[in-house]
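Working through the structure, step by step
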Amino acid sequence: MVTPYSQLHIDERGVAWLTLNRPEVHNAFDDSLIAELNAHLARLHDAAHQGEVRVVVLGSEGKSFSAGADLNWMQRMVEYDFEGNLADSRKLSALMHGLDTLPCPTLCRVQGAAFGGAVGLAACCDIVIASEKARFCLSEVKIGLSPAVISPYVQRALGARQMRRYALTAEVINADQALELDLVHQVVGHNELDEAVESMLETLLTGSPQAQRATKALLASVAQAPDSDATREHTCRVISELRVSAEGQEGLASFFDKRRPAWTERTAHQPQNTPSEPRS
């Protein structure tokens, strides 16, 4: 039996833990891992739309978050022709797009090195919490390549000016620099990482699932044309639809009644349930 390169576990709260599980090679990804992650993301898209998944946590086992491309995979790609490389790149692009467009909130847990395409994984998540030991690097130009597929997502996080520097120099970015560059949202002590992730999960789970999905979709739309007539009309329709929806009515009623909204009841009485595997 072939051991999977990734794991997906959904706990009682509706938190999905998507975990890279190749610690022996620093969670480097190849075509097999990309295929697994794409399959998991397809399932998560459906589950999030149906309300079965509230939040997705992307993490990994071992010392490193991910070293980027697997060396053996890169050696195989040397033998590919243009069409073979194009097909391979499209699968990686599908992974980034699938993660970026998940309907529910996404949280990335970075405990160590995140190089190459792994920077793209972090940039595709809504919230990134990093250990003080985390390191990031757009390393592609060092081996004659480019961070092409991940560039839309990383540049959105860093901004065009900073992207030019770090994509061209392949400098290593430490955790504090990543925080300054807006690549991560929070840096904590290495032993405090899981506690910080859990604290953020508790915060996210207090929000209305429907409102969070609508807000993610709204922000993606607004980013395309922030001040157009169509965008302004769209924003008016989104808030109006939410106000008359069941969750919107419940949220307003619970606020005025000074009670917890119904969607928090699922988590209020559930014990915390995080993956049982040890983390580094």
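Our structure's up above, just so we're on the same page.
Everything numeric in this text was worked out from a predicted model, so none of it was measured. Every chain's residues receive numbers from 1 upward, in the order its sequence appears when written. This being a predicted model, a pLDDT of at least 70 is required before a residue's local features are given, and a value of 80 or more before pairs of side-chain atoms are given or counted; all residues contribute to the totals for chains, interfaces and linings. Working from all heavy atoms in the structure, the side-chain values ignore hydrogens and water.

**Brief notes about the overall build of the chain**
In this description a helix means any DSSP run of H or I spanning at least four residues, a strand means any run of E spanning at least two, and both kinds are numbered starting from the N terminus. Along the chain, the regular secondary structure elements total 12 helices and nine strands. C-alpha atoms define the radius of gyration, and 2.2 Å times the number of residues to the power 0.38 defines the globule rule. Taken against the 2.2 N^0.38 rule, which gives 19 Å for 280 residues, the C-alpha radius of gyration of the chain at 20 Å falls within 12% of a compact globule. Based on the C-alpha atoms only, the size of the chain along its principal axes is roughly 65 × 50 × 35 Å. Contact definition: two residues touch when any of their heavy atoms are within 4.5 Å. Long-range pairs, those at least 24 residues apart, make up 71% of the contacts in the chain with a sequence separation of at least 6.

**Some details on a nonpolar patch on the surface**
Exposure above 30% relative accessible area and no salt bridge define the residues that can form patches, which grow by joining like charges within 9 Å and nonpolar side chains of Val, Leu, Ile, Met, Phe, Trp and Tyr within 5 Å. A 1.4 Å probe and the Shrake-Rupley method give the accessible areas. Residues count as covered only by the protein chains that appear here. Whenever a carboxyl oxygen of Asp or Glu lies within 4 Å of a side-chain nitrogen of Lys or Arg, that contact is scored as a salt bridge. Together, Leu252, Phe255 and Phe256 make up an exposed nonpolar region whose accessible area comes to about 380 Å². Mapped onto the elements, Leu252 comes out in helix H11 (residues 246-257).

**Considering the packing of aromatic side chains**
For this analysis, a ring pair means two rings from Phe, Tyr or Trp (six-membered ring only for Trp) whose centres lie within 6.5 Å, classed as stacked if their planes differ by under 30 degrees, edge-to-face if by over 60, and tilted for the remaining angles. Using the criterion set out here, one finds one aromatic pair in the structure. Pairing Phe255 with Phe256 gives two aromatic rings, centres 5.3 Å apart and planes at 75 degrees, and the pair type is edge-to-face. For the residue pair Phe255 and Phe256, the accessibility class agrees, reading exposed in each case. We note Arg22 situated over the ring of Tyr5; from NZ or CZ to the ring centre the distance is 4.1 Å. Relative accessible area decides the class of each residue, using a 1.4 Å probe on protein chains only: under 20% of the type maximum gives buried, over 50% gives exposed, and in between gives partly exposed. The rule is short: NZ of Lys or CZ of Arg within 6 Å of the ring centre and within 35 degrees of the ring normal puts a charge over the ring.

**Observations concerning a negative patch on the surface**
Asp and Glu count as negative and Lys and Arg as positive, but His and the ends of the chain are not part of the count. For the purpose of locating charges, the reference atoms are NZ of Lys, CZ of Arg, CG of Asp and CD of Glu. A cluster of acidic residues, Glu132, Asp176, Glu180, Glu192 and Glu195, forms a negative patch on the protein surface. Tracing the chain through its elements places Glu192 in the loop between strand S9 (186-188) and helix H8 (193-204). For Glu192, a relative accessible area of 45% gives the class partly exposed.

**With respect to the sheet that holds strand S8 (residues 172-174)**
Strands pair, by our definition, only if DSSP identifies at least two bridges between them. Read from one edge to the other, the open sheet built from three strands follows the order S5-S7-S8, with strand pairing classed as mixed. Two strands in the sheet have a free side with no partner beyond their single neighbour: strand S5 (113-115) and S8. Looking at each pair of strands side by side, their axes are set apart by 20 degrees on average, direction ignored. Pairing analysis gives three bridges linking strand S7 (residues 135-137) to S8, with the strands arranged antiparallel. Among the inter-strand pairings, Cys137 is bridged to a residue of S8, identified as Val172. Between the N-to-C directions of two axes lies an angle of 0 to 180 degrees, each axis being a line fitted to C-alpha atoms and, for a helix, fitted only over the stretch in contact.

**Structural notes on the nonpolar core**
What makes a nonpolar core is a set of buried Ala, Val, Leu, Ile, Met, Phe, Trp, Tyr and Cys residues whose side-chain atoms join them at distances within 4.5 Å. Core analysis: the biggest nonpolar cluster contains 53 residues, and Leu44, Leu58, Val110 and Phe136 have the highest contact counts within it. Counting residues per element, this core draws most heavily on helix H1 (residues 31-49), at seven residues. Leaving out residues up to four positions away in the same chain, Phe136 has contacts with Val110, Ala114, Phe115, Val119, Ala130, Glu171, Val172, Ile173, Ala178, Leu183 and Val184. With 14 residues, the next largest nonpolar core counts Val15, Val55, Val188 and Leu204 among its residues.

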